[in-house]
Amino acid sequence: MQIGEQSVRREPRTPLDGPVETPEVLYFGYYSYRRRHADRLLRLVPREAVRGLYAKAREWAKARGLHDTRDPMATLTRFAEHLLPLPTFEIWLADRQRHPLRYIEDCGRTPHSPAPVRPAKVEERPFDFCGRTWVASLHVFVDGRRWRGFLRFRKEGHTRRYHTAHIFLEDSAREVRRSFREFDGAALGAFLRSVLP
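The structure displayed is predicted, hence computed values, not measured ones. (Residues numbered from 1 in each chain as written. Predicted model: local features only at pLDDT ≥ 70, side-chain atom pairs only at ≥ 80, totals over all residues. Heavy atoms only, no water.)

### Remarks on the overall build of the protein
For the record, the criterion: The numbering of helices and of strands both runs from the N terminus, where a helix is a DSSP run of H or I of at least 4 residues and a strand a run of E of at least 2. For every residue, the accessible area obtained with a 1.4 Å probe (protein chains only) is divided by the maximum for its type, and the residue is called buried under 20%, exposed over 50%, and partly exposed between those limits. Only heavy atoms matter for contacts: two residues are in contact if any of them lie within 4.5 Å across the pair.
Helix and strand counts for the protein come out as 8 helices and 5 strands. Along its sequence from the N terminus, the protein presents helices and strands in the succession α-α-α-α-α-α-β-β-β-β-β-α-α. Residue burial in the protein is summarised as follows: out of 197 residues, 35% are buried. Expressed as a percentage of contacts within the protein between residues at least 6 apart in sequence, the contacts between residues at least 24 apart total 50%.

And the structure:
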């Protein structure tokens with residue numbers, strides 16, 4: 001195959017169930033991860049020790065040109081990030097790809113958790129229904145202290161989707177995924193049949 005032919009031939013594109021993770025989106029996720037862990041560290045600091053910690057944070061931030069006089073909490077959070085042995089962006093990204101559910105659950109413990117308007121896709125798998133291949137994908141979000149989930153279906157090679165109501169309610173996203181994995185093709189077919197027009 002020649003170079004010109006390579007640029008013309010493309011793999012068929014699978015329709016996406018979520019937003020494309022651009023480098024900017026990924027970096028924002030990493031930035032949020034760092035902030036969450038810094039905030040958690042600061043919540044462990046006894047109230048009487050905050051003033052002394054802030055004095056150290058202010059000196060550290062001034063030396064680096066990071067001190068924000070209008071937002072002392074930003075200075076304190078940056079200092080807490082500096083104190084923690086947080087992974088680099090590359091290590092965080094590789095670990096997130098290996099263990100996506102841990103990161104989804106970690107986000108679920110904050111005000112910026114996956115919500116019904118922004119559920120996180122956890123897993124997908126193909127199955128046969130009426131002689132055609134369909135793909136079932138599991139989507140989860142946190143609701144208070146529990147995790148809810150629903151299924152989204154699409155015929156392989158098509159973009160139109162059908163989704164169920166919130167059919168899962170568990171204590172963790174991992175438990176929702178475990179329940180999804182227990183469904184066989186017949187169970188997935190029954191859910192699909194219930195949502196088709």
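What follows continues from the structure just given.
### Re the confidence of the model for the protein
Here is the rule: In predicted models, pLDDT denotes the confidence assigned by the predictor to each residue on a 0 to 100 scale.
Mean pLDDT over the protein stands at 84; residues scoring 70 or higher make up 85%. Taken element by element, the predicted model of the protein shows its lowest mean pLDDT in helix α1 (residues 3–8) (38) and its highest in helix α8 (residues 185–195) (95). Here residues 1–15 is a poorly scored stretch, pLDDT under 50, and it has 7 contacts once near neighbours within four places are set aside; other chains count.

### Some words on the side chain of Ser-172
Basically, it comes down to this: Any pair of N or O atoms that falls within 3.5 Å is considered a polar contact. Within protein, one atom must be able to donate a hydrogen and the other to accept it, and sequence-neighbouring residues count only if both atoms are side-chain atoms.
Turning to its location among the elements, Ser-172 is positioned in the loop between β5 (168–170) and α7 (173–181). Residue classification places Ser-172 among the buried positions, given a relative accessible area of 15%. There is a polar contact of 3.1 Å between the side chain of Ser-172 and the backbone nitrogen of Glu-175. Among all residues touching Ser-172, those that are not within four sequence positions of it are Glu-105 and Trp-147.

### Overview of α8
An α-helix turns once every 3.6 residues. As a result, residues three or four positions apart point the same way. This is how the line gets drawn: By construction, the arc corresponds to the directions joining the helix axis to the C-beta atoms.
Taken together, the buried positions of α8 are occupied by Leu-188, Gly-189 and Leu-192. Viewed along the axis of α8, the buried residues span an arc of 100 degrees, placing them on a single side of the element. In α8, those exposed residues whose orientation departs by more than 90 degrees from the buried face are Ala-186, Arg-193 and Ser-194. Next to the buried residues of α8 lie β1 (120–129), β2 (132–143), β3 (146–155) and α7.

### Some points on the pattern of salt bridges
Put simply, the test is: Salt-bridge detection follows one rule: a side-chain nitrogen of Lys or Arg within 4 Å of a carboxyl oxygen of Asp or Glu.
Enumeration over the complete set of coordinates arrives at 11 salt bridges. Glu-105 is the partner of Arg-174 in a salt bridge, and the nearest nitrogen-oxygen pair spans 2.6 Å. Here Arg-174, found in helix α7, pairs with Glu-105, found in helix α6 (residues 100–107); they are 69 residues apart in sequence, far enough to count as distant. Take Arg-174: its relative accessible area is 37%, and that puts it in the partly exposed class.

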